[in-house]
Amino acid sequence: GAPADRAPPRVQEVATARAAMLRSAAALAESEARFNRAVAAARMGTWEWDAPSNTLTGSPGREALYGRPPGSLPS
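Throughout what follows, the structure given in this document is the object of discussion. (Residues numbered from 1 in each chain as written. Predicted model: local features only at pLDDT ≥ 70, side-chain atom pairs only at ≥ 80, totals over all residues. Heavy atoms only, no water.)

## Re the overall build of the protein
When you go through the protein residue by residue, the secondary structure sums to two helices and two strands. Secondary structure elements in the protein, listed N-terminal to C-terminal, are α-β-β-α. Taking 75 residues into account, the globule formula puts the C-alpha radius of gyration at 11 Å, and the protein, at 22 Å, lies well above it. If you line up the protein on its principal axes, its C-alpha atoms span 70 × 30 × 15 Å. Counting the 75 residues in the protein, one finds 9% classified as buried. Look at the contacts in the protein between residues 6 or more apart in sequence, and 0% of them connect residues 24 or more apart. About 6,200 Å² of surface is accessible on the protein, with carbon and sulfur atoms providing 61% of the total. (Helix = DSSP H or I, 4+ residues; strand = E, 2+ residues; numbered from the N terminus. Rg over C-alpha atoms; globule rule 2.2 N^0.38 Å. Buried < 20%, exposed > 50% of the residue type's maximum accessible area, 1.4 Å probe, protein only. Contact = heavy atoms within 4.5 Å. Areas by Shrake-Rupley, 256 points an atom, 1.4 Å probe, with all protein chains shown as cover.)

## Things to note about the pattern of salt bridges
In the structure shown here, the tally under the stated rule is four salt bridges. When the shortest N-O distance is used, the salt bridge between E13 and R10 registers 2.9 Å. Here R10 and E13 lie together in helix α1 (residues 9-42), a separation of three residues that amounts to about one turn. Judged by relative accessible area, which is 45%, E13 ranks as partly exposed. Since its relative accessible area comes to 62%, R10 is described here as exposed. (Salt bridge = Lys/Arg side-chain N within 4 Å of Asp/Glu carboxyl O.)

## Some points on the pairing of strand β2 (residues 55-58)
Summarising the sheet, strand β1 (residues 47-50) and β2 pair through four bridges and their orientation is antiparallel. Paired with E48 across the bridge in β2 is T57. The turn linking β1 back onto β2 is made up of four residues, and N54 within it adopts a positive phi angle of 55 degrees. (Pairing = 2+ DSSP bridges.)

This is the structure in structure tokens:
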């Protein structure tokens, strides 16, 4: 078997893959936070289109672009 101080290669592969996924998730979260701060600082609105359902969803700041109160524009 494997030496007691080392995990079997497959376990090491899984641990390495998990660590990479956690780093990627942390990087994505930081990127999204930076984007959200930039959008808020610039007082911009954003929209997201979901192609499969053909729905358009806007961010809370989009109403300000049109001088409307928060929540007044439907998705």
